[in-house]
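# Architecture and fold: a report
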Amino acid sequence: MALDLLIRNGTIVDGSGMARFRADVGVLGGRIVEIGRIRTPAARTIDADGLIVAPGFIDGHTHMDAQIAWDPIGSCSCWHGVTSVLMGNCGFALAPCKEEEREWFARCLEAVEDIPTEAMLAGIDWNWETFPEYLANVERLPKAMNYGSYIGHSALRMYAMGSRALEETANEDDLKRMGAAVREALEAGAVGFSTSRANTHITPDGRPVASRIAEWEEIDYLAAQMADLNAGVFQIGPDVSSGGAQRVFLDRLRQVALESRRPVMFGTISTRQGAEPNHWQYQLDHMAETVAMGGRMFGQTTTRSINALFSLKSYLPFDYLPGWRDVRALPLDEQKQRLRDPEVRRELVAAEAGMKPRGDEFQGGGAATTNPLKPDYENIFVMQGVDWNDPTVAELSAAGNYHPVETMIDLVLENEDQIFIQPLVNEMPDDVLGMLKHPLTLATFSDSGAHVCQEMGSSLQTHMLSYWVRQRQEFTLEQAVRMLTFDNASAWEMRDRGLIRTGYIADLVIFDEANVRPCLPTVEEDLPGGARRLVQKAEGIHATIVNGQVAFEDGNSTGNFPGQVIKGALAASA
C-alpha cells in the first residue's frame, strides 16, 4: 500500500533527547508507519536533505479560545513550528457561559488578556452554553493545528453564581453545580481545570476576577473532582505578589498537589519587581520539595523575557498623558506631522515629566501600556533585530544628547514600524537560563492569542532554537527539541504525540537548523472589525505537518486544515 507522505533524507531529531540520525519517515492515515530507508511509494514526497525533521512543537499555555473562531491557521503559533496548543489557561475561558453574559465574558477577556471585545463579538459564532458544547464547536471548526482546552474557573464561577461570583464565597449548592460541570467537562475531553490567584488579573471595573474571590476550600473541592475521576491537569495563574504572600500561595498549592495527586502547573517567573521579590530559585526549590513528598508539580516558563511592546502603530508609554492623548487620536500621517512640529515636541517632552515614578509595585501583563508610570529608559530596548543585543533608549539618547522622549519620537518618524521592547519579568537572561535548565520546568509559556497588541510570546519556540541553541549554545538541538515536544506531551499525558516513533501521530516540523529564527514583529489590522494586533512570523521552517497532512510550507498555509481536538486522557480512553 502506498504511503500518504514520505519525508526523505532528513536528519531526525526525534524528541527523546537522543542523538540525531539520518532517515526517511513514512506517513499513512495520519500516523508514522515507517522510519529508516523507505522504498514504499508515496502520494507525496518531501526532500528534507540538509534539514531537521522533528516532532511538532507543543505549546501548553495559550489563550486561543476566541481566536480559533475566526483564524483557522492559528497564527502566530503556526509560523513557529507549533502543531498543538492548549487554551483556557488561568481560569479564562468562553465556556460555560449563558447567552446573556457573553459580552461580559468578552470584556473580562479583554481586561485581562487584551483580546478586543469588538473582535470577539464580530468574529465568534457563539453557539454554545456548556463546556461540552464549546468543545464540540471547536471540533467542527476548520483548524490547521490541534487544540485542547481547560475548563476555566472564572467562567465556571460566573456561570454557576452569576454576579455573586465576583463578591461571595460559594455555598454548598454553588459548589455542587461547579463540581458537576468540572466532571462533565473532563468526561467531554477537557485537559483539566484552570484558575488564577494572580493579583494582576482584574475585571474591566478593576475588581478581582471571579477565581480570585474563591476560597481555597472551593479550589480543593474542584480539584477533588479531578482526583475522583483520576483525570486532568490543574493549572493556576500564580500569586505574583512579593515576599510572604507568594510563599503562602506556594505552600497552599502544595496541599492541592499532594491531596489531589493530579499534575499541578503554574508559571515560574523571575522578577526584580515588588517590595520583597522571591528569587526564582525559591519557586523551583518548592516544586522539587513537593515532588519529593509525592506530588506532581511543573513550572511553565518562557525562553526569554516577557515584554511590553511599544510602537507608533500600537501603544507608546505616554499615550494616556494630556497632549499625547490628543495627538495619538489622529490618523497616523497626521500624528507624524504633529510629531515633527518643534512646539508640539516640546509640549510632549514636558508632559512626560509629570508621569508617576516607578516604585516597587509589580507590573505584569499589559499593565505597562495602561498604567502610565514613568518609563525606565535603561530598560526599554530599540528593536533592531531578533538576536537580543539591541541598544536601549537611554544609550541612544546619551549618544545623541537628546531627551529620551525626543529619541523615541525621532526613531518612529524615521521608521513608523519601529518596535520598542520593555521587559516586565524574566528580565535577566541568566535567570531565564536557570529556569529552563531545571528538570521540573516546561518551555511552554507563550500566552499566544492574548495581549495581542501588547506582547508577543508566540515566537518562544524559534527563539529557543535560534538564541539558546545556536547563538548561546546552552542547549544542544536534541535537548531543545525534547523540551519543546516530548517533555510537554508527557506533562499533559498526550500518549501518542511528542516523539517520532512508529504508531505515533504524524505531527512534524521540518526546519533549517542554521537559519531558523523569529522575524521582527509587525503591527497589523487583521482582527475581525479591523482591530490591531502584533504579528510575528519565522524564517527557516520548511514545512509543518499536522496529523499527517502538510499544513504549512515555507510559512504559508497550504489550505489544509487537519487539526483535531486534543482530549484529556479520560475522554481519549473512552
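Look up a bit, the structure's there.
Residues numbered from 1 in each chain as written. Predicted model: local features only at pLDDT ≥ 70, side-chain atom pairs only at ≥ 80, totals over all residues. Heavy atoms only, no water.

### Considerations on a negative patch on the surface
Residues Glu-99, Glu-100, Glu-129, Glu-133, Glu-184 and Glu-187 make up a contiguous surface patch of negative charge. By secondary structure assignment, the location of Glu-184 is in helix 5 (residues 172–188). (Patch = residues over 30% accessible without salt bridge, like charges linked within 9 Å, V, L, I, M, F, W, Y side chains within 5 Å. Areas by Shrake-Rupley, 256 points an atom, 1.4 Å probe, with all protein chains shown as cover. Salt bridge = Lys/Arg side-chain N within 4 Å of Asp/Glu carboxyl O. Lys, Arg positive; Asp, Glu negative; His and termini not counted. Charge placed at Lys NZ, Arg CZ, Asp CG, Glu CD. Helix = DSSP H or I, 4+ residues; strand = E, 2+ residues; numbered from the N terminus.)

### Re the nonpolar core
Membership of the largest hydrophobic core comes to 112 residues, with the highest contact counts inside it found for Phe-234 and Phe-511. Ignoring any residue separated from it by four or fewer positions in sequence, one finds Phe-234 in contact with Phe-193, Thr-195, Ile-219, Ala-223, Met-226, Leu-253, Val-256, Pro-263, Val-264 and Met-265. (Core = buried A, V, L, I, M, F, W, Y, C linked by side-chain atoms within 4.5 Å. Buried < 20%, exposed > 50% of the residue type's maximum accessible area, 1.4 Å probe, protein only. Contact = heavy atoms within 4.5 Å.)

### Notes on the environment of Leu-121
Mapped onto the elements, Leu-121 comes out in helix 2 (residues 117–123). Distance in space between the C-alpha atoms of Leu-121 and Gln-225 is 33 Å, their sequence separation being 104 residues. If we ignore the near neighbours within four places in the chain, the residues touching Leu-121 are Glu-103 and Ala-106.

### Focus: helix 18 (residues 477–484)
Within helix 18, six of the eight residues are buried, which leaves the element mostly enclosed by the surrounding structure. Every buried residue belonging to helix 18 is among Leu-477, Glu-478, Ala-480, Val-481, Met-483 and Leu-484, and all of these are buried.

### Focus on the pattern of salt bridges
Counted according to the given criterion, the structure contains 35 salt bridges. In this structure, the salt-bridge partner of Lys-313 is Glu-416, at a minimum N-O distance of 3.4 Å. You can see Lys-313 sitting in the loop between strand 13 (306–311) and helix 10 (324–328) and its partner Glu-416 sitting in the loop between helix 15 (404–414) and strand 15 (419–425), a full 103 residues away along the chain. The exposure class of Lys-313 is partly exposed, given its relative accessible area of 22%. Note on Glu-416: relative accessible area 26%, which makes it partly exposed. Salt bridges here are not isolated pairs; linked through shared partners, they connect Lys-313, Asp-333, Lys-336, Glu-416 and Asp-417.

### Focus on the packing of helix 17 (residues 460–471) against helix 18
Following both chains from N to C, one finds helix 17 and helix 18 inclined at 160 degrees, their axes separated by 10 Å at the closest point. Comparing their axes, helix 18 and helix 17 come out roughly antiparallel. Here helix 17 and helix 18 pass one another in a crossing that is right-handed. Where helix 17 abuts helix 18, its residues Leu-460, Gln-461, Met-464, Leu-465 and Val-469 lie against Leu-477, Ala-480, Met-483 and Leu-484. In the contact of helix 17 with helix 18, the residues fall into eight nonpolar, one polar and no charged. (Axes fitted to C-alpha atoms, helices over the stretch in contact; angles between N-to-C directions. Parallel < 35°, antiparallel > 145°, perpendicular 65-115°, else oblique. Left-handed = near helix turned anticlockwise from the far one by under 90°. Nonpolar A, V, L, I, M, F, W, Y, C, P; charged D, E, K, R; others polar.)

### Considerations on helix 16 (residues 429–436)
What helix 16 keeps buried is the set Asp-431, Val-432, Leu-433, Met-435 and Leu-436. Its buried side turned inward, helix 16 meets helix 9 (280–292), strand 12 (297–301), strand 16 (441–443), helix 17 and helix 18.

### Some thoughts on unusual backbone geometry
Cis peptide bonds are those with omega within 30 degrees of zero, and the linkage from Ser-75 to Cys-76 qualifies with 10 degrees. As for its position among the elements, Cys-76 is in the loop between strand 6 (57–59) and strand 7 (82–87). Here the residue pair Ala-95 and Pro-96 is connected by a cis peptide bond, since its omega of -5 degrees sits within 30 degrees of zero. Within the secondary structure, Pro-96 is located in the loop between strand 7 and helix 1 (102–113). One non-glycine residue, His-451, adopts positive backbone phi at about 50 degrees.

### Remarks on the sheet that holds strand 15
The antiparallel open sheet is built from three strands, whose spatial order is 13-15-14. Looking at the sheet topology across the chains shown, the edges are occupied by strand 13 and strand 14 (381–382). Pairing of strand 14 with strand 15 involves two bridges; the strand directions are antiparallel. Across the sheet, Val-382 pairs through a bridge with Phe-420, a residue of strand 15. (Pairing = 2+ DSSP bridges.)

### Description of the pairing of strand 15
Burial of strand 15 is extensive: seven of the seven residues sit out of reach of the surface. Two elements, strand 13 and strand 15, share six bridges in a ladder whose sense is antiparallel. The residue bridging Ala-308 from the neighbouring strand is Gln-422, located in strand 15.

### Looking at the sheet that holds strand 7
Taken together, eight strands build an open sheet; the order of strands is 6-7-8-9-10-11-12-16 and the sheet is parallel. In the strand order of this sheet, the two ends are held by strand 6 and strand 16, each with one partner. Averaged over all pairs of adjacent strands, the angle between strand axes in this sheet comes to 25 degrees, irrespective of strand direction. Pairing between strand 7 and strand 8 (residues 146–152): four bridges, direction parallel. Following the sheet pairing, Leu-86 is matched in strand 8 by Gly-148.

### A few points about the environment of Pro-132
Note on placement: Pro-132 falls in helix 3 (residues 131–140). Residue Pro-132 is classed as partly exposed on the basis of its relative accessible area, which comes to 22%. Placed 37 residues apart in sequence, Pro-132 and Ala-95 show a C-alpha to C-alpha distance of 8.6 Å. Among all residues touching Pro-132, those that are not within four sequence positions of it are Glu-184 and Ala-188.

### Here we look at the packing of aromatic side chains
Centre distance and the angle of the planes are the two values used to describe a pair of aromatic rings. Applying the stated criterion across every chain, the model contains nine aromatic pairs. Following the ring pairs from residue to residue traces out a cluster consisting of Trp-126, Trp-128, Phe-131 and Tyr-134. (Phe/Tyr/Trp six-rings, centres within 6.5 Å; stacked < 30°, edge-to-face > 60°.)

Purely geometric numbers; function is a separate question.
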